[in-house]
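# Descriptive structure summary
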Amino acid sequence: MTDPTAPYQTIPEITTELINLTAIMHLPKPTEAFMSDIHGEYNAFQHVLRNGSGNVLAKIRECFHGEMTETTLKEVAFLVYYPKERLQARHKQLHGDELNQWYLTTVQRLVRLLAYTATKYTRSKVRKAMAPAFVYITEELLYNSADDADKLDYYWAIINNLIALGQVDDWIIATATTIQHLTVDHIHIVGDIYDRGPAPDQVMEALIKRQHVDIQWGNHDILWLGGAAGSPLCIANLVRICARYNNLGILEDRYGINLRHLARLAEHYYQDNPAFRPKGADAISADERLEITKIHQAIAIIQFKLEGPVIKRRPEFEMQHRLMLDKLSNDRSSIFCHGHRYPIENGCFQTVDASDPYALLPEEAQVIEQLVKAFTHSEKLHRHMDFLVANGGMYLRYNHNLLIHGCVPVDANGEFIGLTINGTTYAGRQLFEMLEANLRLAYVNPKEQADLATDLLWYLWTGPHSPLFGKHDMTTFERYFIAAPETHEEHPNAYYHLRHEEGFVRKLLTAFALDPDLGHVINGHTPVKKGKSPIMANKKMLVIDGGFSRPYQKTTGIGGYTLLDNSYGMQLVTHQPFVSKQEALAHLTDIISTKRVVETEAKRRTVAETDIGVQLNAQIKTLKARLADLQGMV
Ligand SMILES: O=P(O)(O)OC[C@H]1O[C@](O)(COP(=O)(O)O)[C@@H](O)[C@@H]1O
Ligand SMILES: [Mn+2]
């Protein structure tokens, strides 16, 4: 890494930079937002992203305190969230002089709001958040006040010219976006961008456009990373989930993955089957539903077949109990598992050879080969996965907090447990690091499909000690084919009851080299059921999967939680279910219901108390030593 102090070598250069860095240390800590389990719900996600978890409206309220009615406040807020759409609406309503008056008022308001949101940042940081084409104009407006009599004409001349030259709409859009970005400086995504919902690719595009984003991988994200890394099992799982949620379009239309071979195989071998009809597919034709139902069965059976060889070649995964196809009776009418014989419902094992149940038919092998090729060659998928790999990890330590999608696997006594590979046992933080190193290895070697690194990707999705899964079994097979509900249970790791205890959460923070007095553990993954609190362990544990995922809103009763951490403290924000962008725009409805203060700081926190502050402090030390050397030489 290059030394950030390298450009400062002379006494005046060093002095200027020292003054700059020391001043930054005193600025308020930038705002962080935490979101998780977006599950492809782009519209709800982008709304929360645009409104900064309710922070934009709060800033507008403070900035224009007492000057605006509730309706006007909302109008300004929605202009900041959806500038393009609101401008279109204005163009329909207002013309000529009325429109010009609206522009004059609006530009002035946005300049005031921008100045207000920019106060806690350096000029250089604010500049970086602006659209390059408008930096000059915006800075002139921002740093020359309309209240200054000498500058009044100059100020209004800029605004009038923006209007006269037809640039004002673009400026409004650019400035609204800058305000959004300054309101929430840093975004943490605590996993599960993918699966179940319709537009994970759009979520990725939105994240790529933001400047400060990190991602803690979720088990569903691993399937897609695994797909790009050429793992046949990850591919089979994610295609199955796309079929189950009527989302095959994500593969074909968004990522250019051709499903023709799979559809042909499905058409040949499968019929209608109630257990495999797609969810949330009321609007599609009967023919289409039938086609998806067949594809769903074809890929599920391929998945169960592919699991066999991996479980057998990796005894260290301890997943032999997940071998299901060899437990079917010869006539496939029953199965012996979980210590009992159960009848099979909705069976579709026509391609399973009783004497060699895990063998793929030649056409199944061909389908999977073709899918692997398509996944490893999709340019768009690679762009998205490169971003996920470059900006993501198995866990993150950030400003004293530990961010993890699922859990840190432990036994009933709270001792770390994990995987033993080649005689070495990996548990606690080492387990995360070993898995991450293997993921990165698998990702850069997509041609390897049966090596340990690729098999570990699948383990991350479903393994009993996977920190991203956190349950003993994934009972997908039983959920499709066995009615008895006791076979569907997926026992959660002891972590999930221990995380209510403060002592246990302190132990986790210490194990990840964080200060247990200052830090919190922030989790996603498990929807917080109606009536349960997402704040646990004397506020040390925060669980923010309130469920953006529509299919899960029945369980949670809400539209999701997000967490905000600013210089004043931490706040948990509860969101109502998001209906649609059209609905939000038509009625200016936000989806914030409550803000709950988790912690309030006695003294406003500054940059000095953040991770960036620690880095700046090191730079200050280096520069001071360099200055002393130079002064000694004089
Ligand atoms: O709701 P579905 O589609 O049946 O999925 C259920 C499966 O999803 C999982 O909950 C994993 O997904 P999450 O990470 O979203 O919890 C499995 O444990 C479970 O078998
Ligand atoms: Mn998850």
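Residues numbered from 1 in each chain as written. Chains lettered and ligands numbered in written order. Predicted model: local features only at pLDDT ≥ 70, side-chain atom pairs only at ≥ 80, totals over all residues. Heavy atoms only, no water.

### Some thoughts on the overall build of the protein chain
Helix and strand counts for the protein chain come out as 26 helices and 16 strands. Here the C-alpha atoms of the protein chain give a radius of gyration of 27 Å, agreeing with the 26 Å that 2.2 N^0.38 yields for 634 residues. Expressed as a percentage of its 634 residues, the buried residues of the protein chain come to 56%. Counting contacts in the protein chain only where the partners sit at least 6 residues apart, residues at least 24 apart contribute 73% of the total. Accessible surface, the protein chain: about 26900 Å² in total, of which carbon and sulfur atoms supply 52%. Charged side chains of the protein chain number 65 positive and 74 negative; the gap between the two group centres comes to 2 Å. (Helix = DSSP H or I, 4+ residues; strand = E, 2+ residues; numbered from the N terminus. Rg over C-alpha atoms; globule rule 2.2 N^0.38 Å. Buried < 20%, exposed > 50% of the residue type's maximum accessible area, 1.4 Å probe, protein only. Contact = heavy atoms within 4.5 Å. Areas by Shrake-Rupley, 256 points an atom, 1.4 Å probe, with all protein chains shown as cover. Lys, Arg positive; Asp, Glu negative; His and termini not counted. Charge placed at Lys NZ, Arg CZ, Asp CG, Glu CD.)

### Focus: the site of ligand 1
Neighbouring residues of ligand 1: 14 residues in total, closest Arg 196, Arg 244, Tyr 245, Glu 490 and Tyr 552. Within the contact set of ligand 1, an oxygen atom lies 2.8 Å away from a side-chain nitrogen or oxygen of Arg 196. At 2.5 Å from an oxygen atom of ligand 1 is found a side-chain nitrogen or oxygen belonging to Glu 490. Computed on the free molecule, ligand 1 has an accessible area of 470 Å², of which 87% lies beneath the protein chains in the complex. A class-by-class count of the residues in the shell around ligand 1 yields four nonpolar, four polar and six charged. (Near = heavy atom within 4 Å. Polar contact = N/O pair within 3.5 Å; in protein donor to acceptor, adjacent residues only side chain to side chain. Nonpolar A, V, L, I, M, F, W, Y, C, P; charged D, E, K, R; others polar.)

### Quick look at the coordination of the manganese ion (ligand 2)
The coordination sphere of the manganese ion (ligand 2), as far as protein atoms go, consists of Asp 192 (OD), Asn 219 (OD1), His 405 (NE2) and His 525 (ND1), spread over 2.1 to 2.3 Å. Donor residues for the manganese ion (ligand 2), ordered by position in the chain, follow D-x26-N-x185-H-x119-H. Taken together, the residues Asp 192 in the loop between strand E2 (186–189) and helix H11 (200–209) and His 525 in the loop between strand E11 (521–523) and strand E12 (535–536) connect sequence positions 333 residues apart. Summarising the burial analysis for this pair, Asp 192 and His 525 share the class buried. (Donors = N, O, S within 2.8 Å, 3.2 Å for Na, K, Ca; no water.)

### Here we look at the pattern of salt bridges
By the definition in use, this model includes 28 salt bridges. The partner of Arg 61 in a salt bridge is Glu 70, and the shortest N-O contact between them spans 2.7 Å. For Arg 61, a relative accessible area of 35% puts it in the partly exposed group. A salt bridge links Arg 440 to Glu 436; the shortest N-O distance between them is 2.8 Å. Pair noted here: Arg 440 and Glu 436 are both in helix H19 (residues 428–444), with a separation of four residues, about one helical turn. (Salt bridge = Lys/Arg side-chain N within 4 Å of Asp/Glu carboxyl O.)

### What to know about the environment of Gly 249
Mapping Gly 249 onto the fold places it in helix H14 (residues 248–254). Classification of Gly 249 by relative accessible area gives partly exposed; the value is 33%. Taking C-alpha positions, Gly 249 is 29 Å from Val 310, a pair spaced 61 residues apart along the chain.

### Some remarks on unusual backbone geometry
For Arg 332, which is not a glycine, the phi torsion comes out positive at approximately 60°. Structurally, the position occupied by Arg 332 is in the loop between helix H16 (286–313) and strand E4 (334–337). Of note in this structure, His 525 is not a glycine but carries a positive phi near 80°.

### A few points about a negative patch on the surface
Residues Glu 252, Asp 253, Asp 287, Glu 288 and Glu 291 make up a contiguous surface patch of negative charge. Going through the elements one at a time, H14 and H16 are the ones with two or more residues in the negative patch. The biggest single contributor to the negative patch is H16, with three residues. Mapped onto the elements, Asp 253 comes out in helix H14. Residue class for Asp 253 comes out exposed when judged on its relative accessible area of 65%. (Patch = residues over 30% accessible without salt bridge, like charges linked within 9 Å, V, L, I, M, F, W, Y side chains within 5 Å.)

### Details of the packing of helix H6 (residues 96–118) against helix H10 (residues 168–183)
As a packed pair, H6 and H10 sit with axes 10 Å apart at the nearest point and diverge in direction by 25°. What the angle tells us is that H6 and H10 run roughly parallel. In this structure, H6 meets H10 at a crossing whose hand is left-handed. Only Val 168, Asp 169, Trp 171, Ile 172, Thr 175, Thr 178, Ile 179, Leu 182 and Thr 183 of H10 make contact with H6, whose side of the interface consists of Trp 102, Tyr 103, Thr 106, Val 107, Leu 110, Val 111, Leu 113, Leu 114, Thr 117 and Ala 118. A per-class count over the contact of H6 with H10 returns 13 nonpolar, five polar and one charged. (Axes fitted to C-alpha atoms, helices over the stretch in contact; angles between N-to-C directions. Parallel < 35°, antiparallel > 145°, perpendicular 65-115°, else oblique. Left-handed = near helix turned anticlockwise from the far one by under 90°.)

### Things to note about helix H13 (residues 232–244)
Taking 1.5 Å per residue, 13 residues should reach 18 Å; H13 reaches 18 Å between its end C-alpha atoms and fits that length. Among the 13 residues in H13, twelve count as buried, and that is most of the element. Within H13 the residues assigned to the buried category are Pro 232, Leu 233, Cys 234, Ile 235, Ala 236, Asn 237, Leu 238, Val 239, Arg 240, Ile 241, Cys 242 and Ala 243. (Expected span 1.5 Å × (residues − 1).)

### A few points about the sheet that holds strand E7 (residues 396–398)
Pairing between the strands of a sheet is mediated by backbone hydrogen bonds and can be parallel or antiparallel. Ordered in space as E7-E8-E11-E13-E12, the five strands form an open sheet in which the pairing is mixed. At either end of the open sheet lies a strand with only one pairing partner, and these are E7 and E12. Where E11 lies against strand E13 (residues 541–543), three bridges are found, and the strand directions are parallel. Bridging across to E13, Val 521 finds its partner in Met 541. The strands that helix H23 (residues 502–511) touches are strand E8 (401–404), E11 and E13; relative to E11, the one it contacts most, it runs at about 100°. (Pairing = 2+ DSSP bridges.)

### What about the domain arrangement of the protein chain?
For the protein chain, the assigned domains read domain 1 (1–26 + 606–634), domain 2 (51–182) and domain 3 (200–488). A straight line from the C-alpha centre of domain 1 to that of domain 3 covers 49 Å. (Domains from an automatic or database assignment.)

### With respect to the environment of Ser 231
For Ser 231, the position within the fold is in the loop between helix H12 (219–228) and H13. Distance in space between the C-alpha atoms of Ser 231 and Tyr 194 is 17 Å, their sequence separation being 37 residues. Ignoring anything within four residues of it in the chain, the contact list for Ser 231 reads Gly 226, Thr 454 and Leu 457.

### Quick look at the packing of H13 against helix H17 (residues 362–377)
How two helices sit against one another is set out by the angle between their axes and by the gap between those axes. Contact pair H13 / H17: the axes reach a minimum separation of 10 Å and the direction vectors enclose 90°. In terms of orientation, H13 lies roughly perpendicular with respect to H17. Seen from H13, the contacting residues are Pro 232, Ile 235, Ala 236, Leu 238 and Val 239; seen from H17, they are Ile 368, Leu 371, Val 372 and Phe 375. Residues that form the contact of H13 with H17 fall into these classes: nine nonpolar, no polar and no charged.

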